Amino acid sequence: MGYRIVLMMFCATALSACSTTSTPTNPLQKRWNGKEAGAFFAAYGPPRSDRSAGGGTTVYNWRGGFVRGRSCAVELTVTRDYTIKTIRATSDRIDPNGGPSHCETVLDADS
């Protein structure tokens, strides 16, 4: 019995050390989760700011896609190995006709 508890604790510890991307829930996440942050910043420009989020992750704030008074702002959580763990829009414009949002269009997430 004690052996099983020790084995379960070992497995739980090993799994908690894994760094995976979150499950995509929107087009931005489907497009960018698991990709290299360097590819994102090379394509769209550098972040405006960053902060350490603990556990080896960094949160980057990016803003761009300035078109006719509209812009896109996203927050990227990036792992120690510079992989995008999650991305979320912090400022976006929804298409009133039901199409992709401004951020989805700017960041190639609508394809």
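One structure accompanies this document, and this report is about it. These numbers come from a predicted model, not from an experiment. Each chain carries its own residue numbering, running from 1 in the direction its sequence is written. Selection of residues for local features in this predicted model requires a pLDDT of at least 70, selection of side-chain atom pairs for listing and counting requires 80 or more, and totals for whole chains, interfaces and linings are taken over all residues. Excluding hydrogens and water, the side-chain values take into account all heavy atoms of the structure.

## A few points about the overall build of the protein chain
Here comes step 1: Only DSSP runs of H or I covering at least 4 residues are called helices, and only runs of E covering at least 2 are called strands; the numbering of each starts at the N terminus. A tally of regular secondary structure across the protein chain gives 4 helices and 4 strands.
Here comes step 2: Throughout, a contact is declared for two residues whenever any of their heavy atoms are within 4.5 Å. Relative to all contacts within the protein chain whose residues are 6 or more apart in sequence, the contacts with residues 24 or more apart total 41%.
Here comes step 3: In this description, accessible areas are obtained by the Shrake-Rupley approach with a 1.4 Å probe, and a residue is regarded as covered only by the protein chains that are shown. When the accessible surface of the protein chain is split by element, carbon and sulfur atoms take 55% of a total near 7,200 Å².

## Quick word on the sheet that holds strand S3 (residues 70-78)
Here comes step 1: Between any two strands, at least two bridges found by DSSP are needed for them to pair. Strands sit in the order S1-S2-S3-S4 across an open sheet of 4 strands; the sheet is antiparallel. Since the sheet does not close on itself, it has two edges, and those belong to strand S1 (49-54) and strand S4 (84-91), each with one partner. With strand direction ignored, the average angle separating the axes of adjacent strands in the sheet is 25°.
Here comes step 2: Pairing of strand S2 (residues 57-67) with S3, which is carried by 8 bridges, proceeds in the antiparallel orientation. Bridged to Thr58 within S3 is Val78. An axis is simply a line fitted to the C-alpha atoms; with a helix, the fit covers only the stretch in contact. Between two such axes, the angle follows the N-to-C directions and lies from 0 to 180 degrees.

## Concerning the pairing of S1
In the case of a regular strand, side chains alternate between the two sheet surfaces.
Here comes step 1: Note that S1 and S2 share 5 bridges and pair antiparallel. The partner of Asp50 across the bridge, within S2, is Tyr60.
Here comes step 2: Between the end of S1 and the start of S2, which pair antiparallel, lie 2 residues, with Gly55 showing a positive phi angle near 65°.

## Some details on the side chain of Glu75
Here comes step 1: On the secondary structure map, Glu75 appears in strand S3.
Here comes step 2: Classification of Glu75 by relative accessible area gives buried; the value is 15%.
Here comes step 3: Setting aside its immediate chain neighbours within four residues, Glu75 contacts Arg51, Val59, Tyr60, Asn61, Thr86, Ile87, Arg88 and Thr90. For every residue, the accessible area (1.4 Å probe, protein chains only) is compared with the maximum for its type, and the residue is labelled buried under 20%, exposed over 50%, or partly exposed between those bounds.

## A look at the environment of Ala53
Here comes step 1: Tracing the chain through its elements places Ala53 in strand S1.
Here comes step 2: Placed 26 residues apart in sequence, Ala53 and Thr79 show a C-alpha to C-alpha distance of 9.7 Å.
Here comes step 3: Apart from the residues lying within four places of it in its own chain, the contact partners of Ala53 are Thr58 and Val59.

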